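Chain by chain, the residues run as shown.
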Amino acid sequence: MKTTLWHTNSHTRFASDDDEDASGKDGKEQQRTSDCDGILVDGRTTTTSEQLGIVKQETQEKLVTEVQLTPSELRRVQKLWNGEGDETEILSAVPSGLQVTRGDLMTLIPDTWINDEVVNLYTHWMQSTGSSRVHIYSSFFWSRLASTPAGFDYKGVRRWTKKLNVFAFDLLIIPINHNNRHWCLAVVDVTNSTIEYYDSMGSRKTGSKTGRLVVAHLERYLECEWEDKRETFRSEEKAGCRDQRWRSRYMTKKRIPRQYDGSSCGIFMLAFAEQRARGMPFPFRFAQEDIDDTRRSICTRLLELGRNV
């Protein structure tokens, strides 16, 4: 497989790319990657290829927005949400050290903001059941990279990928808790040289102020990451360095659903991440009315991880 690597020099530059630039008129999407074959996933047609390698286990695990819980699962979630038990009790944990308590899972109650612990354990589940061509960052990555007084701190995250060549993946998925006020998502499509921004509160074609900040910081992060580690991973290079021109893509309501409340941005963010990691086609097919059931499904999946706790 040809590995796409970052290389910076005087010719490297960043291009702002409107969300609709790949759509043509009437929102018809123009494929950025050639030689893609259509495959059927859960009754839907999606596109992938050997080069992308994004779709892996979609036929084994339903999307969280499509899961139908059993009556016993619903009762289990409701009992937990009724507050019966010690909120500090650990209900789910994995060997890496990630865990959630009863109190953490109660942040999945409708009209409640989910916390980092729920996000990180759920994205761990996504990583473990998804494609090896996709890498998902911790939600703490962004706060360390961009939420310091200096505004940008590569040194704060430099060691997070000490033994990892991020440019060898097809997708980098980055949950973002911006200023601890709003969850959104960034996706670096390494294969297609694109930085994507997903915001359930909506985004203009040219991006919001937050979206532009996210994209600019991630472009700078990728530059720093390549400069810092290119000697380490030079042996993995297949065809030599080449100039990389990153596009930006701000996802509008034509491609992703909008939230209409003030508390479900984290749930939308996780749903966006899962659909993108699975290679699902745009537009993503869920809506605000699915969010409460999605909260219950996330809670159930996290409880399943903790069966042996």
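Residues numbered from 1 in each chain as written. Predicted model: local features only at pLDDT ≥ 70, side-chain atom pairs only at ≥ 80, totals over all residues. Heavy atoms only, no water.

The biggest cluster of nonpolar side chains holds 44 residues, and the ones touching the most others in it are Leu105, Leu108, Tyr198 and Ile298. Residue contributions to this core peak at nine residues, all from helix H6 (residues 265-277). For leucine 105, the residues in contact, after removing those within four places along its chain, are Leu80, Trp81, Leu91, Val100, Val118, Cys299, Leu302 and Leu303. Counting 28 residues, the second largest nonpolar core, distinct from the first, contains Phe141, Val166, Cys184 and Val190. (Core = buried A, V, L, I, M, F, W, Y, C linked by side-chain atoms within 4.5 Å. Buried < 20%, exposed > 50% of the residue type's maximum accessible area, 1.4 Å probe, protein only. Helix = DSSP H or I, 4+ residues; strand = E, 2+ residues; numbered from the N terminus. Contact = heavy atoms within 4.5 Å.)

What follows deals with the side chain of serine 200. In this structure, serine 200 sits in the loop between strand S9 (194-198) and helix H5 (209-229). At 2.5 Å, the side chain of serine 200 and the side chain of glutamine 259 are in polar contact. If we ignore the near neighbours within four places in the chain, the residues touching serine 200 are His182, Pro257, Arg258, Gln259, Cys265, Phe268 and Phe272. (Polar contact = N/O pair within 3.5 Å; in protein donor to acceptor, adjacent residues only side chain to side chain.)

Time to look at H6. With 13 residues, H6 should cover 18 Å at 1.5 Å per step; its first-to-last C-alpha distance of 18 Å lies within 8% of that length. Of the residues flanking the end of H6, it is glycine 279, one or two places downstream, whose phi is positive at about 75 degrees. (Expected span 1.5 Å × (residues − 1).)

Further remarks concern the packing of helix H1 (residues 71-81) against helix H7 (residues 291-305). Direction vectors running N to C along H1 and H7 enclose 90 degrees, while the axes themselves pass 10 Å from each other. Relative to H7, the element H1 lies roughly perpendicular. Only Arg295, Arg296, Cys299, Thr300, Leu303 and Glu304 of H7 make contact with H1, whose side of the interface consists of Glu73, Leu74, Arg76, Val77, Leu80 and Trp81. Of the residues belonging to the contact of H1 with H7, the class tally is six nonpolar, one polar and five charged. (Axes fitted to C-alpha atoms, helices over the stretch in contact; angles between N-to-C directions. Parallel < 35°, antiparallel > 145°, perpendicular 65-115°, else oblique. Nonpolar A, V, L, I, M, F, W, Y, C, P; charged D, E, K, R; others polar.)

For the rest of this paragraph, the subject is the pattern of salt bridges. One pass over the structure, following the stated rule, counts eleven salt bridges. Linking glutamate 274 and arginine 301 is a salt bridge whose minimum nitrogen-to-oxygen distance equals 3.1 Å. Remark: arginine 301 occurs in helix H7 and glutamate 274 occurs in helix H6; sequence separation between them is 27 residues. Like arginine 301, glutamate 274 is buried. (Salt bridge = Lys/Arg side-chain N within 4 Å of Asp/Glu carboxyl O.)

For the rest of this paragraph, the subject is the environment of valine 64. Of note, valine 64 is situated in the loop between strand S3 (44-48) and H1. Residue class for valine 64 comes out buried when judged on its relative accessible area of 2%. Sequence separation between valine 64 and glutamine 275 is 211 residues, and the spatial gap between their C-alpha atoms is 9.1 Å.

Residue proline 283 is bonded to the preceding phenylalanine 282 through a cis peptide linkage, with omega at -5 degrees. On the secondary structure map, proline 283 appears in the loop between H6 and H7. Positive phi, close to 55 degrees, is recorded for asparagine 180, a residue that is not glycine. One can find asparagine 180 in the loop between strand S7 (171-178) and strand S8 (182-189).

Per the stated rule, a full pass over the model turns up 16 aromatic pairs. Their ring planes at 25 degrees and their centres at 5.5 Å tell us that tyrosine 122 and tryptophan 125 sit as a pair that is stacked. In this pair, tyrosine 122 and tryptophan 125 are both assigned in helix H3 (residues 116-129), three residues apart and thus about one turn of the helix distant. Both residues of the pair, tyrosine 122 and tryptophan 125, count as buried. Between the aromatic rings of tyrosine 154 and tyrosine 221, the centroid separation amounts to 6.0 Å while the plane-to-plane angle is 50 degrees, which identifies the pairing as tilted. Here the residue tyrosine 154 occupies a position in the loop between helix H4 (140-146) and S7, and tyrosine 221 occupies one in helix H5, the gap between them amounting to 67 residues. The exposure classification of tyrosine 154 matches that of tyrosine 221, with both residues buried. Members of the aromatic cluster, each reached through a chain of ring pairs, are Tyr198, Phe268, Phe272, Phe282, Phe284 and Phe286. Its end group placed over the ring of phenylalanine 282, arginine 255 keeps NZ or CZ at 5.9 Å from the ring centre. (Phe/Tyr/Trp six-rings, centres within 6.5 Å; stacked < 30°, edge-to-face > 60°. Lys NZ or Arg CZ within 6 Å of the ring centre and 35° of its normal.)

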